[in-house]
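Inside the fold
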Amino acid sequence: MSFFSDLEHQISASAIDAPRRSLSVSVVHAEDVDDFVERLRGYHLQLTQIDKGPFAAKIVQTELAGALLTAAQYSRSLVHTGEPPSGKITFAMGKSRLPARWHGQDFGSYDLLVSPTSGGEIDLVTQAGFGCATASFAPDLVKATADRLGFPPIGDNATNILLMPLERNKASMLRAAFEAVFSDAVARPRSDRTATWSVAKHEDLLRVLLTCAGSATSKTKPVSNGERARILKAVLEAVNDLPGEILSIGDLCRIARASERTLNYAFLERFGLSPALYMKVQRLNGARRDLRGHQEPSMNVADVANKWGFWHLGQFARDYRNLFCELPSATYKRKHNTGAP
């Protein structure tokens, strides 16, 4: 994406003058999911890889007068779960044309997402190559700015996650505003007027966000709560409560009180995977997290495989390499031989 390329060029060009540049900007290139999550500021996030290939991600984050701005792009299809920055109202939009699924609802390239200060649980499924930009602001600032613009309060309901379709021209305007803030934050030299500039910049972005949201509120998409959403909620809760267990399709149908056909449609719609394949991918991701150090120090590769229901070590190695493009022993050695924290 040209946005990231431009930022990298600016940061490289300013390296010799680093003390005079903004210290609030960070650019991260990660080739490991856990490394990416550990270096992501503000968010409590877990990523589950659901397609085949090596993971890679780029992220730019900057803080402007208390507002946390984030732009990210991912090389793999992922399930994102967790929470956005606590105590802030978070706005998000896609920076690519690839569609995503937010709580089972289509999240397209012309949609704006608004997550409240609390209760805004992340449930996002994205395709390989997906990119997004987010901005998290203090609720008092959002309310005061909305009042000045004559818009009703937004994002102050703890359970009200808004997904708004925007007109194309407004979506383009908003993407341009995000890109301008990130680019200017990197290039702007430090001076006595930096604080004033910082406040003005993030308030400019917030005004654009609220203007777009204000014109789209009447078209807000409801978060999916149909029969397939109920089925997935019941099944995923059971899967999370029994990590490592191999639940049969019959088990899942009984848990969801649904037919095998309906269960299959629900999983394909949300994840693009059959229930059986989703369960296997989840267990492989759990094994990867343990191999990366999220387990007792005495556990070896065979112990991790058995914990997650892979009884044949050779088949486990083949399945693992097929998904992550490396052997489980390579994941284990990379963590334990480098002394990574």
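Refer to the structure printed above.
Given the structure is predicted, the values throughout are model-derived calculations rather than measurements.

**Overview of empty space enclosed by the protein**
As enumerated under the stated definition, the model contains two cavities of 30 Å³ or more in all. In terms of lining, the largest cavity is formed by 23 residues, of which the most central are Tyr43, Ile122, Leu124, Cys132 and Thr134. Residue assignment for the lining of the largest cavity shows that the elements contributing at least two residues are β4 (67-74), β6 (89-94), β9 (111-115), β10 (122-126) and β11 (131-137). Of the residues contributing to the lining of the largest cavity, the split by class is 18 nonpolar, five polar and no charged.

**As for helix α11 (residues 313-324)**
Across its twelve residues, α11 extends 16 Å between first and last C-alpha, which sits within 8% of the 16 Å expected from 1.5 Å per residue. Three or more residues of α11 are buried, namely Phe316, Ala317, Asp319, Tyr320, Leu323 and Phe324. Where α11 ends, the next residue or the one after it, Cys325, has phi of about 65°, a positive value.

**Focus: the environment of Trp308**
Position of Trp308 relative to the elements: it lies in the loop between α10 (301-307) and α11. The spatial distance from the C-alpha of Trp308 to the C-alpha of Leu284 is 7.6 Å, given a sequence separation of 24 residues. In this structure Trp308 touches Pro243, Gly244, Arg283, Gly286, Ala287 and Asp290, once residues within four positions along its chain are discounted. A polar contact is formed between the side chain of Trp308 and the side chain of Asp290, at a distance of 2.9 Å.

**Notes on the side chain of Asp123**
The topology assignment puts Asp123 in strand β10. Side-chain polar atoms of Asp123 contact the side chain of Arg270, separated by 3.1 Å. For Asp123, the residues in contact, after removing those within four places along its chain, are His80, Arg101, Trp102, His103 and Arg270.

Rules used in this analysis
- Residues numbered from 1 in each chain as written.
- Predicted model: local features only at pLDDT ≥ 70, side-chain atom pairs only at ≥ 80, totals over all residues.
- Heavy atoms only, no water.
- 1 Å grid on protein atoms, 1.4 Å probe; cavity = no way out; pocket = protein on both sides within 12 Å on 5 of 7 lines; lining within 4 Å.
- Points joined across faces, edges and corners; volume = space filled by probe spheres on them.
- Helix = DSSP H or I, 4+ residues; strand = E, 2+ residues; numbered from the N terminus.
- Nonpolar A, V, L, I, M, F, W, Y, C, P; charged D, E, K, R; others polar.
- Expected span 1.5 Å × (residues − 1).
- Buried < 20%, exposed > 50% of the residue type's maximum accessible area, 1.4 Å probe, protein only.
- Contact = heavy atoms within 4.5 Å.
- Polar contact = N/O pair within 3.5 Å; in protein donor to acceptor, adjacent residues only side chain to side chain.

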